[in-house]
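Spelled out, the chains give:
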Number of protein chains: 4
Amino acid sequence: MSGSSFGKLFRVTTWGESHGPALGCVIDGCPAGLRLSPELLQPMLDRRKPGTSSATTARKEDDLVEILSGVFEGFTTGTPISLLIRNTSQISKDYGNLADTYRPGHADYCYDAKYGIRDYRGGGRSSGRETAARVAAGAVASLILEELGIRLRAYTTAIGSVTLPEGFAASLSLKELAAASANPVCMPSAEEAAKALALVEEARSEKDSLGGVAECRIEGVPAGIGEPVFDKLDAVLGQAVFSIGGVKAVEIGDGIAAAKARGSENNDCSHMENGKVVFETNHAGGILGGISNGAPILLRAHFKPTPSIFREQKTVNKNGEDTLLTIAGRHDPVIVPRAVVVVESMCAIALLDLLLENNGSRMDRLSGR
Amino acid sequence: MSGSSFGKLFRVTTWGESHGPALGCVIDGCPAGLRLSPELLQPMLDRRKPGTSSATTARKEDDLVEILSGVFEGFTTGTPISLLIRNTSQISKDYGNLADTYRPGHADYCYDAKYGIRDYRGGGRSSGRETAARVAAGAVASLILEELGIRLRAYTTAIGSVTLPEGFAASLSLKELAAASANPVCMPSAEEAAKALALVEEARSEKDSLGGVAECRIEGVPAGIGEPVFDKLDAVLGQAVFSIGGVKAVEIGDGIAAAKARGSENNDCSHMENGKVVFETNHAGGILGGISNGAPILLRAHFKPTPSIFREQKTVNKNGEDTLLTIAGRHDPVIVPRAVVVVESMCAIALLDLLLENNGSRMDRLSGR
Amino acid sequence: MSGSSFGKLFRVTTWGESHGPALGCVIDGCPAGLRLSPELLQPMLDRRKPGTSSATTARKEDDLVEILSGVFEGFTTGTPISLLIRNTSQISKDYGNLADTYRPGHADYCYDAKYGIRDYRGGGRSSGRETAARVAAGAVASLILEELGIRLRAYTTAIGSVTLPEGFAASLSLKELAAASANPVCMPSAEEAAKALALVEEARSEKDSLGGVAECRIEGVPAGIGEPVFDKLDAVLGQAVFSIGGVKAVEIGDGIAAAKARGSENNDCSHMENGKVVFETNHAGGILGGISNGAPILLRAHFKPTPSIFREQKTVNKNGEDTLLTIAGRHDPVIVPRAVVVVESMCAIALLDLLLENNGSRMDRLSGR
Amino acid sequence: MSGSSFGKLFRVTTWGESHGPALGCVIDGCPAGLRLSPELLQPMLDRRKPGTSSATTARKEDDLVEILSGVFEGFTTGTPISLLIRNTSQISKDYGNLADTYRPGHADYCYDAKYGIRDYRGGGRSSGRETAARVAAGAVASLILEELGIRLRAYTTAIGSVTLPEGFAASLSLKELAAASANPVCMPSAEEAAKALALVEEARSEKDSLGGVAECRIEGVPAGIGEPVFDKLDAVLGQAVFSIGGVKAVEIGDGIAAAKARGSENNDCSHMENGKVVFETNHAGGILGGISNGAPILLRAHFKPTPSIFREQKTVNKNGEDTLLTIAGRHDPVIVPRAVVVVESMCAIALLDLLLENNGSRMDRLSGR
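Residue positions are counted from 1 within each chain, in the order its sequence is given. Whichever chain is written first is A, and whichever ligand is written first is 1; the rest continue in order. Reporting of local features is limited, given that this is a predicted model, to residues whose pLDDT is at least 70; pairs of side-chain atoms are given and counted only at 80 or more, and all residues count toward the totals for whole chains, interfaces and linings. Only hydrogens and water are set aside; all other atoms, that is, all heavy atoms of the structure, feed into the side-chain values.

1. Considerations on the relation of the copies chain D and chain B
Consideration 1: The atoms used to superpose the copies are C-alpha atoms, taken from residues with pLDDT of at least 70 in both, and the fit is least squares. For the pair chain D and chain B, the superposition axis carries a translation of 0.0 Å, the fit reaches an RMSD of 0.0 Å, and the rotation angle comes to 180°. The symmetry that links the two subunits is that of a two-fold axis.
Consideration 2: Two residues form a contact once any of their heavy atoms are found within 4.5 Å. By residue overlap, the copies meet face to face through one surface: 100% of the interface positions of chain D are interface positions in chain B.

2. Some details on the relation of the copies chain A and chain B
Each of the two chain copies can be generated from the other by rotation about an axis followed by a shift along it.
Consideration 1: Laying chain A over chain B is done by rotating through 180° and shifting 0.0 Å along the axis; what remains is an RMSD of 0.0 Å.
Consideration 2: Here 100% of the interface residues in chain A have copies in chain B that are interface residues too; the copies meet face to matching face.

3. Regarding the interface of chain A and chain B
One widely used convention gives an interface's size as the accessible area the parts lose upon coming together.
Consideration 1: Taken residue by residue, the interface counts 105 residues in chain A and 105 residues in chain B.
Consideration 2: In total, about 8300 Å² of surface goes out of reach between chain A and chain B, with carbon and sulfur atoms giving 56% of it.
Consideration 3: Note on definitions: buried area is the accessible-area loss of two parts on being combined, 1.4 Å probe, summed for both. For chain A, the biggest contributors to the area lost against chain B are K114(A), F230(A) and K248(A); these three give 11% of the whole.
Consideration 4: Salt bridge, as used here: a side-chain nitrogen of Lys or Arg that lies within 4 Å of a carboxyl oxygen of Asp or Glu. Counting every contact that joins chain A to chain B gives eight salt bridges.
Consideration 5: Note that K314(A) is salt-bridged to E280(B), the shortest N-O span being 2.7 Å.
Consideration 6: Polar contact is defined as a pair of N or O atoms within 3.5 Å, subject to the rule that within protein one atom must be able to donate a hydrogen and the other to accept it, and that residues adjacent in sequence are counted only when both atoms are side-chain atoms. Viewed at the interface, chain B and chain A are joined by 61 residue pairs in polar contact (both at pLDDT 80 or more).
Consideration 7: Put simply, DSSP marks the helices as runs of H or I at least four residues long and the strands as runs of E at least two long, and each gets a number from the N terminus on. Of all the elements, helix α2 (residues 108-115) of chain A adds the most residues to the side of chain A that touches chain B, at seven residues.

4. A closer look at the interface of chain D and chain B
Consideration 1: The interface of chain D with chain B comprises 43 residues on the first partner and 43 residues on the second.
Consideration 2: Here chain D packs against chain B, burying approximately 3400 Å² in sum over the two surfaces, 65% of which is carbon and sulfur.
Consideration 3: Here chain D and chain B share zero salt bridges between them.
Consideration 4: Between the two partners, chain D and chain B, sit eight residue pairs in polar contact (both at pLDDT 80 or more).

5. Observations concerning the environment of H283(C)
Residues and elements named next belong to chain C.
Consideration 1: Tracing the backbone shows H283 in the loop between β13 (276-279) and β14 (287-288).
Consideration 2: Partly exposed residues are those whose accessible area sits between 20% and 50% of the maximum for their type, while under 20% is buried and over 50% is exposed, using a 1.4 Å probe and protein chains only. On the accessibility criterion, H283 (22% relative accessible area) is partly exposed.
Consideration 3: Put simply, H283 and A258 are 25 residues apart on the chain and 7.6 Å apart in space, counted from C-alpha to C-alpha.
Consideration 4: Once residues within four sequence positions are removed from consideration, H283 is found in contact with G253, D254, E265, N266, N267 and D268.
Consideration 5: At a separation of 2.7 Å, a polar atom in the side chain of H283 contacts the side chain of D254.
Consideration 6: Looking at H283, its side chain comes within polar contact range of the main-chain oxygen of E265, at 3.1 Å.

6. Some details on the sheet that holds strand β4 (residues 65-67) of chain D
Residue and element names in this part refer to chain D.
Consideration 1: Taken in spatial order, the five strands line up as β1-β2-β3-β7-β4 in an open sheet, and their pairing is antiparallel. Strands with a single pairing partner mark the edges of an open sheet, and in this sheet they are β1 (5-6) and β4.
Consideration 2: Where β4 and strand β7 (residues 81-86) come together, three bridges link them in antiparallel fashion. The partner of V65 across the bridge, within β7, is I85. Strand pairing is assigned whenever DSSP detects at least two bridges linking the two strands.

7. Observations concerning the packing of aromatic side chains
Consideration 1: Two aromatic rings, drawn from Phe, Tyr or Trp (for Trp, its six-membered ring), form a pair once their centres lie within 6.5 Å of each other, and the interplanar angle then sorts them: stacked below 30 degrees, edge-to-face above 60, tilted otherwise. Applying the stated criterion to the full structure yields 20 aromatic pairs over all chains.
Consideration 2: A centroid spacing of 5.3 Å and a plane angle of 90° characterise the contact between Y120(A) and F72(C), whose relative ring orientation is edge-to-face. Highlighted residues: Y120(A) in the loop between α2 and α3 (131-147) and F72(C) in strand β5 (residues 71-72), drawn from two different chains.
Consideration 3: Its relative accessible area of 7% is what places F72(C) among the buried residues.

8. Digging into the nonpolar core
Consideration 1: Put simply, a nonpolar core is a bunch of buried Ala, Val, Leu, Ile, Met, Phe, Trp, Tyr and Cys residues held in one set by side-chain atoms that sit within 4.5 Å of each other. F10(A), F10(B), F10(C) and F10(D) are the most contacted members of the largest nonpolar core, which totals 372 residues.
Consideration 2: When neighbours within four sequence positions are excluded, F10(A) is seen to be in contact with I27(A), D28(A), G29(A), C30(A), A137(A), V140(A), A141(A), I144(A), I349(A), L352(A), D353(A) and L356(A).

Shown next, in the form of structure tokens:
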């Protein structure tokens, strides 16, 4: 029932449907004293909004965020922050004929089975637009993490069969990655970005769609973050990222490759450097035993291809009848470029919550204040 | 801080260290009226306990579970169920020399960074023994799911480079899978099981270790289970399985392969059969939009190779010094065969919790009772 | 940090300050299929809004509620419901001089100690206006309870020294109570209501304020609601009602009087009537062992006098200086009449959440749906 | 369903029935580095155990606590602490004839209505013995609070009609209160204690029972603790104390008396003293707007008379028949003296949890550690 809240201390509750008047979120537990304004949040939202690239959908939303509470004279007060984004560009007539038919690969049938009623317009609550609220919250979390010396960035590592060369992303700094992935497919290599765009157009002309992979790297995380045994850092990141629509696999560090390696290859050895523990490799992706070890955290999210394709498909409808469906509308042939900032936002939210929870882990760091 | 509880309605809290007197769990929220006894739980625990196979560790624990509360005249009362498993076979002297040294690939350093103190014997709380408590709880969850017509089974699909043939597991029923995977590596193909065992012995002789993959299939789940947008079924399963030590990747349905497919290939089409919606393929792995669609749920967990290898490794110690470490003791060259039932347990616990939460989703299924 | 959410399954998150642009709440976990519209919620909000009586404040807010999500074609979809109420009548200049001074009896000093920053206008988040959002959510909860045959009503039983005669409220039906308490002080006895109004005017002329008592009766609750041992029905109602600003005591059933009685007087005896258990007395107030027993639930909330009085008071300010303060503005000489519907709302929300949680208590009432 | 856990960061889960083999609790989230041993916990448990006074029950339990996890070399490790107390003195035959009959004033009927099954021996989970586990956890919480300079003590202020003189307790220091209440009724005045004991014997001879009032004072709490709007300090203390069996009313500060006072009487004025805010009176009981203000916290719990009396009573049984019941066994004529330390424990647990949560309230007190 109550599945739209995430987090224990920095708690984010999102609301809103694709064709409702607005969508938004409430952040309950944001520390007081953070400089906050819509201008500080808009850049992250702009990385998500449709219409900015030829690779994505044609629906144009400005996604301008408004702050309705929790900020006073430019700083957070510690009270709940209500963020609102108005839907300005919904076109109901695009969806009218889908009221009763279950689109293959979408959640339509599942929502009807669960609730007995669904807002079918634009996918209702299951629409990807719902993620705009998450990005607004992720933007706030990112600001706080930055104050604590923690930086993160997500980018596309693959679209369809086009993949970044091995080790390419790892060789770039976060700053370089951000700059290099400022293109319509968010791939930090100009060469692969061009190939990917070509592949996207090919899929579009074939009335088909593509999947892909988004990777997120987080630097500056101190060792010790994560709450064994169930709220381990990788477990919470896993939940956070799997909750993004379209994600069918999540990897930490070497991920799938680790399962094929030997222990002698996979263990990360360490040595001391200026009084700090330094890891010589990072197969673990910055997490051991569910707790951060100080090395960069590395996570990858694998997205299935966009379900909305313009070919005729076999399906059933609400009346229990077999039927054929051809979708019209404004759909992304690939969602990964827009999902990249959502992956980053969910990582930021999840990490911040665990960071805050770590405050009380040791008697020698407690105070009665 | 409080990361050892899982679940909202069927809540499992585990406790216990590898070398403490015992370990156990408390199940808070088990429905009343379930027939329950240690005999009903022991079989699942027996699938985990060390010493049953040549592939695993030599530490022999009986893992006999005791029920201390929550059961009366053979049935659950609805009050918290306390399950306890005594540690009988700890040998402290095996670990004494590891008090200050951080074993590569283990959580030692992270626990010290987080808490400033750690029980180093046998890995303390980060030891795999902690999962015995999870399996006890998973056994209870499985009994309830069975009453509701839901069955699940986990098995090994890969150890190192030895993998089941494509489509092999899918061709077997859950019953056949259970029977066929009753071997030391839990692989449901005799041919691959033999190859895997040979590979394990090879790794053992090389003082190295192997990773692998465990898959879990769940049948009989009605459509509609999962709580969007953050407590989606795949998100909660993801957290549950990532929380198992050694897991570095989780896949749902086609998982990683979905990211490389086209929409026309990945969408599962459906038709009606005797008034029920039947999916013709199951690339989705039984979950769409984070909610079950009635098709079998398929999940895979990828395990990194066991960190404890008997070669000399570079590491650091508590005093900030570089050092070399050679581990002795009783360690699994591969943990996947023992982790299989843990994956199954976590899936059972996660699914049951969401199933219970779904009770209140619709006005027409509510009652004031 | 994250203290603005209440409930486990029917979860209410409120946001908003007295002088912000708006305030509101998100209801996460409302069952689908409930008929819902602003018109259905407005009556309960109207029972709260200032300006309706001479006994309360002069600030005139319409408190019109808007539904931004979670409703489709007049019915709830099961997705989060965002309710918003705009602040239209804030006058900042009334408060400007209170930026640094801590008003006695208010939370000003505490908020500064906690957060280091506070929105001082109109009391910011600690203002009673925050309760408007709770009433909006309570109105939704009440609609659901009504569908389940459960009705509740709160009313004033005392203002200052003016108290209803013993047994008076108990002799009226809920319907009669509602009708009889439709007066500016919400007291269901015309005689006491008149005395109370006179007392209020007397206090106002003396630049002083009054406290009082609100009672809530709930009928139709089935036996078995409440989750021992910590989420007992009385414990959760207690938290819910104590969270309302100004509450300094909560009683269940005979409350304080029970502590002075003998067991032979306090035990409620029962007998069978048409196959149902009927209690001959109700000293328990409908709750035994933290679980409802089917008898009407009775709860009383005691409110301290409104802190804002127009006399000069000794206090301190943000700069650590002793100072004198005389408040101006639009303040209630007594808040109880407006708090009555807030008490009712919190009881509705708390009860509904526990009712939903009770769904999974027994195997014989579970289903896999 | 899952109502046996309390707390968000310092989470306590209790388990166990009156006639089961044992009862206990798991503390999840105890900070690491606290010196802990059974000897440090036993004194608080000894204040609760039956048989220590002529005023209470004759059942003799040693209530010796064992620590099964979470402690290493005398200090907490930050991992879950499992505390166990064996039941040694249950006598089943005392209860055998109550298998089907619902004892008036007890939760028997409610448990059957809720679960359809109940362990009737000794009241099962609804027995007061369940509180032993809470006291064990409260003892741990008290140790931590003490390290943070916070001390608390609960004591009896009334038994039946015997009440401490007005202002008496307030005139004693916590140390004096502790010493003075070391008598069978825990009343810090020898004169009233004697009268109370006499009253208890009178009730016992009349085969009746008495209620009473326990008060808890907490000193050293810094200003700023409590999470508006729902997890306010008084709201959480209210839930914690109402969850104790037998509590029918809870007061904070002046409580009920506040509702009868004027604002000019009830507001606490303040002035500066050595750079600290000092309140000249404490009608608020240390809490304003749900947040601590630095003054001593004062809470009172009102207990109904023990339901188990030895007179014949009218009631019903499981078969829907009217019947008469005369209880035998070993019952307290008054439970308040034993409940005093339970009130103190619940206050300690609740306060500690909110204290830990306050760590993240402000950016200027956050660190990435």
